[in-house]
Each structure stands twice: as structure tokens, then as C-alpha cells.
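Reading the structure
Spelled out, the chains give:
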Number of protein chains: 2
Amino acid sequence: MSALKTVLVPPADEEVSDSALERFLGYRMKRAFNVVQADLAETLKPFDLRMTSYTALVLIMENPGLNQSQLAAVMDIERPNLVVIVDELERRDLIVRDRLETDRRTYALSVTLAGRRLCETAMKAVEGHEARLLGRLSPEMRDTVAEAMILIRAGEAR
Amino acid sequence: MSALKTVLVPPADEEVSDSALERFLGYRMKRAFNVVQADLAETLKPFDLRMTSYTALVLIMENPGLNQSQLAAVMDIERPNLVVIVDELERRDLIVRDRLETDRRTYALSVTLAGRRLCETAMKAVEGHEARLLGRLSPEMRDTVAEAMILIRAGEAR
DNA sequence: TATTGTTATACTCTATAACTATA
DNA sequence: TATAGTTATAGAGTATAACAATA
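Residues numbered from 1 in each chain as written. Chains lettered and ligands numbered in written order. Predicted model: local features only at pLDDT ≥ 70, side-chain atom pairs only at ≥ 80, totals over all residues. Heavy atoms only, no water.

Per an unreviewed UniProt entry, the recorded name for chain A is MarR family transcriptional regulator, and the organism is Nisaea acidiphila.

1. Observations concerning the pattern of salt bridges
What the rule picks out here adds up to 24 salt bridges over all chains. Here Glu90(B) and Arg97(B) are joined by a salt bridge, their closest N and O atoms 3.2 Å apart. Judged by relative accessible area, which is 16%, Arg97(B) ranks as buried. Connected via shared salt-bridge partners are Arg31(A), Asp76(B) and Arg153(B). (Salt bridge = Lys/Arg side-chain N within 4 Å of Asp/Glu carboxyl O. Buried < 20%, exposed > 50% of the residue type's maximum accessible area, 1.4 Å probe, protein only.)

2. Topic: the protein's contact with DNA strand C
Around DNA strand C, the surrounding shell holds 21 residues, and the nearest of these are Gln68(A), Ser69(A), Asn81(B), Arg104(B) and Arg105(B). Close to the protein, within 4 Å, the atoms of DNA strand C are drawn from sugar and phosphate at a rate of 64%. In the model, a phosphate oxygen of DNA strand C is placed 3.4 Å from a nitrogen or oxygen of the Asn34(A) side chain. Contact between DNA strand C and Ser69(A): a phosphate oxygen at 2.6 Å from a main-chain N or O atom of the residue. Put simply, the parts of the chain that give the surface near DNA strand C at least two residues each are α1 (25-44), α3 (68-75) and α4 (79-91) of chain A together with α4 (79-91) of chain B. (Near = heavy atom within 4 Å. Polar contact = N/O pair within 3.5 Å; in protein donor to acceptor, adjacent residues only side chain to side chain. Helix = DSSP H or I, 4+ residues; strand = E, 2+ residues; numbered from the N terminus.)

3. Thoughts on helix α6 (residues 139-154) of chain B
The end-to-end C-alpha distance of α6(B), which contains 16 residues, comes to 23 Å, matching closely the 22 Å that a straight helix rising 1.5 Å per residue would cover. Those residues of α6(B) that sit buried are Met141(B), Thr144(B), Val145(B), Ala148(B), Met149(B), Ile152(B) and Arg153(B). Along α6(B), the residues classed as buried sweep out an arc of 165 degrees about the axis, all on the same side. Along α6(B), exposed side chains directed more than 90 degrees from the buried face belong to Pro139(B) and Glu140(B). Where α6(B) is buried, its residues contact α1, α5 (113-134) and α6 (139-154) of chain A together with α1 (25-44) of chain B. (Expected span 1.5 Å × (residues − 1). Arc of directions from axis to C-beta. Contact = heavy atoms within 4.5 Å.)

4. Remarks on the side chain of Arg31(A)
When you line up the elements, Arg31(A) lands in helix α1. The exposure class assigned to Arg31(A) is buried, which follows from its relative accessible area of 13%. Once you skip the residues sitting within four places of it in the chain, Arg31(A) turns out to touch Ala73(B), Val74(B), Met75(B), Asp76(B) and Arg153(B).

5. Quick notes on the UniProt feature "domain: HTH marR-type" (unreviewed entry) in chain A
As recorded in UniProt, the feature "domain: HTH marR-type" (unreviewed entry) lies at residues 22-154 of chain A. For the annotated span residues 22-154 of chain A, helix accounts for 68% and strand for 8% of the residues, and the straight-line distance between the end C-alpha atoms is 24 Å. (UniProt positions renumbered as here; feature names shortened; annotations may be inferred.)

6. With respect to the protein's contact with DNA strand D
The immediate surroundings of DNA strand D are formed by 21 residues, with Asn81(A), Arg104(A), Gln68(B), Ser69(B) and Pro80(B) found nearest. Taking all atoms of DNA strand D within 4 Å of the protein, the share assigned to sugar and phosphate is 65%. Contact between DNA strand D and Gln68(B): a phosphate oxygen at 2.7 Å from a side-chain N or O atom of the residue. Within the side chain of Arg97(B), an N or O atom sits 3.0 Å from a phosphate oxygen of DNA strand D. For the surface near DNA strand D, the secondary structure elements donating two or more residues are α4 of chain A together with α1, α3 (68-75) and α4 of chain B. In terms of residues, the surface near DNA strand D owes the most to one element, α4(B), which gives three residues. A class-by-class count of the residues in the surface near DNA strand D yields five nonpolar, seven polar and nine charged. (Nonpolar A, V, L, I, M, F, W, Y, C, P; charged D, E, K, R; others polar.)

Encoded structure:
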């Protein structure tokens with residue numbers, strides 16, 4: 001039997017393949033989400049907002065009076081993580097926390113006039129960001145993706 | 001003019017709406033991705049792998065001899081962040097780093113037998129995870145989502 | 001008891017600058 | 001000088017336990 005030595009030939013950059021991960025949803029989603037995240041961060045930077053604080057602001061504007069537990073639930077984050085977000089929005093006078101007479105444990109959150117103005121301007125910028133990132137996708141494709149995201153999200157508990 | 005006092009009525013839990021974020025891709029993707037991430041983490045826990053280390057292992061198995069810069073590029077992460085991942089895979093004897101004669105700066109990465117075995121078992125588990133999470137999506141929908149993720153990813157630099 | 005908001009903490013992922021050794 | 005790998009570090013997101021005030 002002859003002695004064969006295996007020689008490891010490094011692939012050229014263009015030859016590196018990820019086809020074994022072709023059906024790997026997490027991998028594909030992660031890479032796409034990173035791009036979306038980075039572009040969104042740039043988009044929101046002029047408003048000094050991050051994705052989480054922007055989301056919170058929009059939801060408070062849409063649901064005046066909601067409390068932090070409700071907001072955390074809609075945003076799908078843990079309550080402790082919401083505290084710092086709400087703290088900062090309040091510090092910047094974009095929202096107010098009102099103690100309720102009926103239940104003095106909870107805060108009723110609502111936007112200030114400044115908060116509403118900033119939010120509406122930021123929403124326009126985010127529309128541009130969406131258009132930029134989804135430009136290559138057909139309208140049908142966008143709808144399908146949106147629907148799929150909701151279906152995946154809904155399939156959580158089983 | 002009569003003095004009207006605005007009373008803030010907190011919404012019931014079921015009434016909290018996020019329709020203002022309906023077309024907000026990042027928000028939808030984040031929520032879906034969180035679900036995928038959490039389920040994947042559970043799936044990979046028995047193998048003591050995380051999403052990043054699993055991805056690295058699969059890619060090294062598919063591209064024997066590639067170096068860390070190439071791997072980081074395919075995975076879309078920064079080189080410094082890859083070091084700890086490769087360190088751990090090497091420590092567990094799942095991969096080896098071979099110094100190349102031709103360029104002593106780079107490592108040629110490849111899986112060991114143990115690495116190949118663990119990877120192949122883990123890939124089967126990940127298939128189950130995919131089936132579980134994508135169960136509600138039609139095959140056409142899955143294809144569209146996969147394609148859309150690649151398109152979004154590709155639209156990065158513009 | 002249970003719930004709201006809070007503090008403290010820890011782990012992961014991500015990003016950048018600066019270093020070393022090789023080329 | 002440029003590149004591969006490395007170290008150190010910092011920021012952001014996420015998750016849990018435990019507490020005070022209130023119901």
C-alpha cells in the first residue's frame with residue numbers, strides 16, 4: 001500500500017461556498033436582518049433614536065395611556081429592558097409617565113407634542129429606509145415576506 | 001368656552017395595536033428572528049453549539065482549508081469576533097488549524113472526524129427545527145422568503 | 001398572593017482600534 | 001506597505017432573579 005499524503009488546498013475567495021446552509025433559515029435571516037439593522041441605525045441616528053426607542057415611541061403614540069407591561073409585551077422584550085428605554089424617552093421630554101388614580105402601580109404612557117413631532121419626522125425617514133431596502137423586491141414578494149414573518153412569530157409556542 | 005379635561009383611558013391588553021408598524025420591516029423581522037434564534041439555541045444546546053459556532057463548523061466542513069478571513073467574510077462577521085469561535089471549536093477538537101507552508105500568516109481550517117460527526121448530527125437536528133418553524137408556511141412561501149432574504153442582504157452597499 | 005415597575009447582573013452579538021507576525 | 005490573526009474594549013440586545021410599592 002502506497003503512502004498517500006492528503007494536501008489541503010485552500011479555496012479561492014470566490015470558491016468559498018455556503019450551499020450547505022441554503023435551507024438554514026436562521027442564517028439567511030440573520031444576514032438580512034443585520035443589513036436592515038445597520039441601515040435603520042443610520043436612518044435613526046439624526047433623531048438620536050435606536051430601533052427599540054423608535055418602536056416604543058411609535059407604539060406609545062398609537063396607544064396613548066398604555067402601561068410599560070403592555071408595551072413590553074407588544075415589543076416582545078422583557079420589562080426590565082424597557083425601563084431604560086422609557087427612562088430615556090422621558091428624560092428627553094418625548095413622552096410622559098402619568099400615575100393612574102385607579103391603579104397606582106402603573107404608569108400611563110403618552111407622547112408629548114415634541115415626541116409626536118419627532119416621531120412623525122422619524123417615521124418618514126423610516127419609510128425611505130424601507131423603500132431603499134425593499135426596492136429590489138416586488139410588491140407581492142414584500143407582502144409574502146411580511147406575512148411569513150408574522151406566521152413564524154406566531155408559531156413560537158408549541 | 002368650557003374647560004375640557006382630557007382623560008387618558010388606558011387600552012385593554014387586547015386593544016394595544018401595532019398597526020403603525022405594519023410596514024416596518026425591521027420590527028417584523030426582529031420579532032420573527034427572535035423566535036427563530038430562541039428555538040435554534042434550544043436545538044443546538046445538546047451539542048453545546050451556538051448559532052455562530054454551528055455555522056462556522058458547517059462552513060469549515062464544506063470548505064476544507066479555508067482561512068479565518070474567508071470564514072468571517074462568508075459569515076458576515078468581523079474577524080475579531082470569529083477568533084473566539086474558532087478557538088473554542090479547536091479546543092473541543094472539532095476542527096484543526098494548520099499553518100500553511102506557502103503563507104505562514106494564515107491558518108487552513110478543517111474539521112476533525114469528531115467535528116464531522118457532531119456537525120452531521122447537529123445538521124439533522126437543525127432540519128427538524130426548520131420543519132417545526134416553517135411548518136405553517138407553504139413551500140412557495142418558503143422559497144420566496146429565502147429569496148427575499150438574499151435580495152435584502154445583497155442590497156446592502158448602494 | 002399577584003402585579004407593576006425597578007435594580008442588578010450576566011451573557012451574547014457586534015464593531016473598532018491597535019498590536020504581532022508574516023508577506 | 002499590506003494582510004492574517006489577535007487582543008482589548010465598548011456598545012447594544014436579551015434574559016433572569018429579586019426587590020418595593022400597590023392591588
